[in-house]
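Observations on chain architecture
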Amino acid sequence: MDYLNDEFFEGLSKEEIEQLNSELCDDLLPAADRVKYHIDKKGQNFIDKEALSKWMEEAAVASQIGQDYIPFAKETKGKKFVKVEEKKEKTVYDDEFEKLLAEAEGIGDCDITDGDIDALAEILGANSLLGSVDVSSCTRPGNETGLTSPIPDIRANYLVEAGDMEEVNEIDVEETLQEIQNNDSSLTHCIFNNVPLDQEMIDNITSAMVDNTSVTKLDMCNCAITDESIDGFITLLKTNTTLESLSLETNKITGKQLKLMVQALEFSETLKELRIANQYFTTGVGDEMAISKALANNTSVVKFSLNWKNGGARNSADRLIMRNCDLARKKRQGIS
C-alpha cells in the first residue's frame, strides 16, 4: 500500500475519501473507527430533571384514579392503647376461715379455741414450717409412740389435739434397758421419745442394742442426744442385723456426725428406715452432699428423713430411696 501517499489523496474529492475510509480496515484503529456505519444525528438538548419531576407530580395529582381511591391519612397501625384500671377482687374464703378472721378482728360473737388456731394454721399452710419430727415421727392417737400429731387429720375429717413436745413419756428407762440387755423376745419396739437421757444411759442403750436380736424399731426423738454419743449408734448400725427402724429426730447432732452415721449404712442390710431430721444444728451443704452420696452404698433403706437445704442433694437422695423401694418390691415379688 505504498501508493497511498499525499499525492494520491490530493487528487480525491471529499466523497471519495469518505468512501475509501469506510472500505479500509485497520486492526490498529479503535473499534468505533472501524465501524462502517456512523450516526449523523445530533445530540438531544439538556433535560431539566427538577421541572420534569414537578410536572409528573402535578400530572399524577390531576389524573383520574377511580372511585375506589382512598386519600392518604397518617395514622398509627393497630389498636390505640387504653389503660384499664385494675379491678381488685375480694378474696372469698370458706365459712370456717371467715369465722376465724372475724374472731381475729374482734367482730365475732364466739371465743377462739385451740382447734380454731390449728385449722387456721392448716389453711395458711403453716404446717410446712413445722419440723420433720412434727409430721413424720408423730403418729395418730391410738398408736403408743410417745408423741401425738400437732396437725389436723384431714382424712378423718376432724381435728387432732395439738401435740405437746414436752409430754412426759412414762417409760421405765432402767427396766427397758434391762430387757434389751436380756434380749427379751417380747420387746420389739423401744420408745424413748421425750425422755432426756444422759450420755451414759445413751451409751448403755446403744451397747445393749449391738447384740440384741429382738428389737426391730428404736425411737429416741427429743432425747438430748449429742455428738458424744454418735459413736455408739455408728457401731450399732454396722453390727446389728435385726434393727429395721431408727429415729433420732429433734436432737442436737451436727451435720458432720449425721454424715458419719449415714456412711455406716454401707454395712447394714436390714435397716429400712432412718429418721435424723429436725436437729438443733443446721446441716451444711457439704455434709448434705456427702450424705446423699453415702446413701448410694445402701440398698435397704426405703424411708429417710432430713431437713434438706440443698436441692441437688435432696433430689439425689430421693432417687436413691426410690431405687431401694424398687429393689424391695422386686424382692417381695421374687424378681431377680
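What comes next is a walk through the structure. For every chain, the first residue of its written sequence is number 1, and the numbers climb from 1 along that sequence. Selection of residues for local features in this predicted model requires a pLDDT of at least 70, selection of side-chain atom pairs for listing and counting requires 80 or more, and totals for whole chains, interfaces and linings are taken over all residues. Computation of side-chain values: all heavy atoms of the structure, hydrogens and water removed.

1. Remarks on the pattern of salt bridges
Oppositely charged side chains are able to pair whenever their charged atoms sit close together. In the sections that follow, a salt bridge refers to a side-chain nitrogen of Lys or Arg positioned within 4 Å of a carboxyl oxygen of Asp or Glu. For the structure shown, the criterion picks out three salt bridges. With a shortest N-O distance of 2.5 Å, Glu273 and Arg275 are connected by a salt bridge. Note that Asp326 and Lys330 form a salt bridge whose closest N and O atoms lie 3.6 Å from each other. Placement of both Asp326 and Lys330 in helix H13 (residues 311-333) is noted, with a separation of four residues, approximately one turn of the helix. Throughout this description, buried means an accessible area under 20% of the type-specific maximum (1.4 Å probe, protein chains only), exposed means over 50%, and partly exposed covers the range between. Taking the relative accessible area as the measure of exposure, Lys330 reaches 29% and is therefore partly exposed. Because the salt bridges share partners, they merge into one network encompassing Asp326, Arg329 and Lys330. Only runs of H or I of at least four residues qualify as helices and only runs of E of at least two qualify as strands under DSSP, and these elements are numbered from the N terminus.

2. As for the packing of helix H10 (residues 230-239) against helix H11 (residues 255-263)
For helices, the fitted axis covers only the stretch in contact; all axes are lines through C-alpha atoms, and the angles between them, taken along N-to-C directions, range from 0 to 180 degrees. The interhelical angle for the contact between H10 and H11, taken along N-to-C directions, is 15 degrees, at an axis separation of 9 Å. With respect to each other, H10 and H11 are oriented roughly parallel. Note that H10 runs across H11; the crossing there is right-handed. Each of Ile230, Phe233, Ile234 and Leu237 in H10 lies in contact with H11, whose residues at this interface are Gln257, Leu260 and Met261. Gly is placed with the polar residues, together with every amino acid not listed as nonpolar (Ala, Val, Leu, Ile, Met, Phe, Trp, Tyr, Cys and Pro) or charged (Asp, Glu, Lys and Arg). Residue composition of the contact of H10 with H11, grouped by class: six nonpolar, one polar and no charged. Here the angle decides the label: under 35 degrees means roughly parallel, over 145 means roughly antiparallel, 65 to 115 means roughly perpendicular, and every other value means oblique. Less than a right angle of anticlockwise turn of the near helix away from the far helix marks a crossing as left-handed, whereas a clockwise turn marks it as right-handed. Should any heavy atoms of two residues lie within 4.5 Å, those residues are counted as being in contact.

3. Some points on helix H4 (residues 49-62)
One turn of the α-helix equals 3.6 residues, which is why residues spaced by three or four share an orientation. Helix span, expected: 1.5 Å multiplied by one less than the number of residues in the helix. Taking 1.5 Å per residue as the helical rise, H4 with its 14 residues ought to reach 20 Å, and the 20 Å between its terminal C-alpha atoms agrees with that figure. Burial within H4 is sparse, with just zero of its 14 residues counted as buried. Where H4 begins, the capping side chain belongs to Asp48, and its oxygen is found 3.4 Å from the backbone nitrogen of Glu50. Definition of a polar contact: a pair of N or O atoms within 3.5 Å, with one able to donate and the other able to accept a hydrogen when the atoms are protein atoms, and with sequence-neighbouring residues admitted only if both atoms are side-chain atoms.

4. Some thoughts on the layout of surface pockets
Here the largest pocket is characterised by a volume of approximately 370 Å³. With a 1 Å grid laid over protein atoms only, a set of points is called a cavity when a 1.4 Å probe fits there but cannot get out and a pocket when it is open yet has protein on both sides within 12 Å along at least five of seven lines; lining residues have an atom within 4 Å of a point. What lines the largest pocket is a set of 17 residues, among which Glu269, Thr299, Ser300, Ala328 and Lys331 lie closest to the centre. Residues belonging to the lining of the largest pocket are distributed by class as follows: five nonpolar, seven polar and five charged. Grid points are joined across faces, edges and corners, and a volume is the space filled by probe spheres set on the points.

5. Describing the state of the cysteines
Count a disulfide wherever a pair of cysteine sulfur atoms falls within 2.5 Å. On inspection of all chains with the given rule, the structure shows zero disulfides. Counting only cysteine sulfurs, Cys223 is the nearest neighbor of Cys221, a cysteine outside any disulfide, at a range of 7.1 Å. According to the relative accessible area criterion, Cys221 is buried, its value standing at 1%.

6. Some thoughts on the packing of aromatic side chains
Here the aromatic set is Phe, Tyr and Trp, taking the six-membered ring for Trp, and pairing holds for ring centres within 6.5 Å; pairs whose planes are under 30 degrees apart are stacked, those over 60 apart are edge-to-face, and all others are tilted. Inspection of every chain in the model, using the stated rule, returns two aromatic pairs. For the pair Phe304 and Trp308, a centre-to-centre distance of 6.1 Å together with 50 degrees between the ring planes defines the contact as tilted. Judged by relative accessible area, Phe304 falls into the buried class, the value being 17%. Ring-over charges, as used throughout, are those where CZ of Arg or NZ of Lys falls within 6 Å of the ring centre and within 35 degrees of the ring normal. A cation over an aromatic ring shows up here: Lys252 above the ring of Tyr280, its NZ or CZ 5.6 Å from the ring centre.

7. Some words on the side chain of Gln257
As for its position among the elements, Gln257 is in helix H11. With sequence-adjacent residues up to four places away left out, Gln257 is seen in contact with Asp227 and Ile230.

8. What to know about the nonpolar core
By nonpolar core we mean a set of buried residues, namely Ala, Val, Leu, Ile, Met, Phe, Trp, Tyr and Cys, connected to one another through side-chain atoms within 4.5 Å. In terms of nonpolar packing, the biggest core is built from 46 residues, with Phe192, Leu197, Met220, Phe233, Leu246 and Phe304 touching the most fellow members. For this core, the secondary-structure elements that each account for two or more residues are helix H8 (173-181), helix H9 (199-210), H10, H11, helix H12 (285-294) and H13. Apart from the residues within four sequence positions on either side, Leu246 is in contact with Leu218, Phe233, Leu237, Met261, Leu271, Glu273, Leu274 and Arg275.

9. Some thoughts on the packing of H8 against H9
Running from N to C, H8 and H9 cross one another at 25 degrees; their axes reach a closest spacing of 8 Å. Considered as vectors, H8 and H9 are oriented roughly parallel to each other. When you trace H8 past H9, the crossing you get is left-handed. Facing H8, whose interface residues are Val173, Glu174, Leu177, Ile180 and Gln181, H9 presents Met201, Asn204, Ile205, Ala208 and Met209. Its residues placed into classes, the contact of H8 with H9 shows seven nonpolar, two polar and one charged.

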